[in-house]
Amino acid sequence: MFEDDSEEIERTYPDLSNELKNWRYKPERKALNGKNILVTGAGDGIGLSIAKTFALYGANILLLGKTRSKLEGCFDWITTHTTTKPTIIPSDLGVLDNQMVSNLANLITENYGSLDVLINNASMLGPRVPIAHYPEIEWAKVFQINVIAPFVLTKGLFSLLDAGDDSCVINISSSVGRKGRAYWGAYSASKFAIEGFTQTLADETEEAKRVRVYSVNPGATRTKMRKEAYPLEDPEKLKIPENFLDLFIALAEGDKAQLSLPSSGASINVEEWVNQN
């Protein structure tokens, strides 16, 4: 893996270089060659790591996020270090509507012709307060970004995904979306909704078998959101996103992945994936 350019990867992307040897799955160098992949929240955290890594494996990345400057930084990195075709899509998921997604679908059709993978990664943490004191307006904001936006995106882009033979939707979930925890409020409830959304869509697409759907719980990961949730935690003790991106590559590869994939609709825990023999 990366035998021809391991030194280049080590120089330009040391975080990935340090994790490659520990990956459970060892994908081919161009495992995602030619795939068109939309990542929300692509300017930071897990989304940024997915975008850069997937581009190195040959994917054309559509970078969707709120902050143009962050997306531009990712775009510049990808165009400098890969030969793929990224696109910046500045978009505030807090105000996403059907017309915006329709315009996006047209852009994808005109510039790429197809969409192979949608990764609903962007999320909002919201206040960490008891339900009895949770502001209704903040609850609505969290659900808009964490639940409604992924639904509107998936619905509006579904025809593009369904047109392929082996497309994939990956929804980022959380441990508090599988077991509620005090003071996690709207974030926890919204991730429960994402789990239900994942299972429902998977059941609806099971017969045709053209679209696979997964929810993935990354667990404790070194991101700004994690820092916001646990300000006193030592980030150096947490894994970085590059630690588990072999899982995301395998899910995006689909039938071409050289290992057995979970069934569509599965709720996947990164810790279990990493430690599985």
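In what follows, the accompanying structure is described. Quick caveat: nothing in here was measured; it's all calculated off a predicted structure.

## Things to note about the overall build of the chain
Scanning the chain for helices and strands turns up 10 helices and 7 strands. In terms of principal-axis extent, the alpha carbons of the chain reach across some 60 × 45 × 40 Å. For the chain, the proportion of its 277 residues judged to be buried stands at 51%. In the chain, 73% of the contacts between residues at least 6 apart in sequence involve partners at least 24 apart.

## Overview of the nonpolar core
In this structure, I37, F54, I61 and F248 are the most contacted members of the largest nonpolar core, which totals 45 residues. A per-element tally of this core places helix α9 (residues 245–253) first, with 7 residues. With residues near it in sequence (within four places) discarded, I61 still touches I37, V39, A51, F54, A55, I78, K85, P86, T87 and Y112. Counting 28 residues, the second largest nonpolar core, distinct from the first, contains L104, A149, L201 and V211.

## A word on the environment of E233
Positionally, E233 belongs in the loop between α8 (224–229) and α9. A relative accessible area of 24% places E233 in the partly exposed class. Excluding anything up to four places from it in sequence, E233 contacts R226, K227 and L238. A polar side-chain atom of E233 sits 2.8 Å from a polar atom in the side chain of R226.

## A word on the pattern of salt bridges
Tallying each qualifying case throughout the model produces 11 salt bridges. With its nearest N and O atoms 2.5 Å apart, the salt bridge here joins K209 to E206. Look at K209 and you get exposed, because its relative accessible area is 54%. Note on E206: relative accessible area 37%, which makes it partly exposed. A salt bridge links E233 to R226; the shortest N-O distance between them is 2.8 Å. Taking relative accessible area as the criterion, R226 reaches 21% and is therefore assigned partly exposed.

## Some remarks on the environment of P150
Note that P150 resides in helix α6 (residues 136–162). The residues contacting P150, other than those within four sequence positions of it, are N120, I145, I194 and F197.

## Some remarks on the packing of aromatic side chains
The relative placement of two aromatic rings is captured by the distance of their centres and the angle of their planes. All chains considered together, the criterion is met by 7 aromatic pairs. Taken together, Y134, W139 and F143 form an aromatic cluster joined through their ring pairs. Sitting over the face of the ring of Y13, K52 holds its NZ or CZ atom 4.2 Å from the ring centroid. Over the ring of Y112 we find K85, and its NZ or CZ is 5.0 Å from the ring centre.

## A word on the environment of D76
In this fold, D76 is placed in helix α4 (residues 68–81). Sequence separation of D76 and P86 is 10 residues, and the distance between their C-alpha atoms is 9.3 Å.

## Structural notes on the layout of surface pockets
Estimates place the volume of the largest pocket at around 1,200 Å³. Taken together, 47 residues line the largest pocket, and the ones lying closest to its centre are N121, A122, S123, M124 and M225. At the level of secondary structure, the elements contributing two or more residues to the lining of the largest pocket comprise α3 (45–56), β2 (60–65), α4, α6, α7 (185–205) and α8. With 5 residues, the top contributor of residues to the lining of the largest pocket is α8. When the residues that make up the lining of the largest pocket are grouped by side-chain class, the tally is 18 nonpolar, 19 polar and 10 charged. Of the volumes computed, that of the second largest pocket is approximately 150 Å³. Lining the second largest pocket are D165, D166, T205, E206, K209, V211, R212, Y214, D255, P262, S263 and S264. With 3 residues, the top contributor of residues to the lining of the second largest pocket is strand β6 (residues 211–217). Considered class by class, the residues forming the lining of the second largest pocket number 3 nonpolar, 3 polar and 6 charged.

## Examining α6
With 27 residues, α6 should cover 39 Å at 1.5 Å per step; its first-to-last C-alpha distance of 36 Å lies within 8% of that length. Taking the largest bend as the criterion, α6 deviates by roughly 45°, centred on G156.

Reading the values: the criteria
- Residues numbered from 1 in each chain as written.
- Predicted model: local features only at pLDDT ≥ 70, side-chain atom pairs only at ≥ 80, totals over all residues.
- Heavy atoms only, no water.
- Helix = DSSP H or I, 4+ residues; strand = E, 2+ residues; numbered from the N terminus.
- Buried < 20%, exposed > 50% of the residue type's maximum accessible area, 1.4 Å probe, protein only.
- Contact = heavy atoms within 4.5 Å.
- Core = buried A, V, L, I, M, F, W, Y, C linked by side-chain atoms within 4.5 Å.
- Polar contact = N/O pair within 3.5 Å; in protein donor to acceptor, adjacent residues only side chain to side chain.
- Salt bridge = Lys/Arg side-chain N within 4 Å of Asp/Glu carboxyl O.
- Phe/Tyr/Trp six-rings, centres within 6.5 Å; stacked < 30°, edge-to-face > 60°.
- Lys NZ or Arg CZ within 6 Å of the ring centre and 35° of its normal.
- 1 Å grid on protein atoms, 1.4 Å probe; cavity = no way out; pocket = protein on both sides within 12 Å on 5 of 7 lines; lining within 4 Å.
- Points joined across faces, edges and corners; volume = space filled by probe spheres on them.
- Nonpolar A, V, L, I, M, F, W, Y, C, P; charged D, E, K, R; others polar.
- Expected span 1.5 Å × (residues − 1).
- Bend = angle between axes of the 7 residues up to and from the residue.

Purely spatial values, then, with no claim about function.
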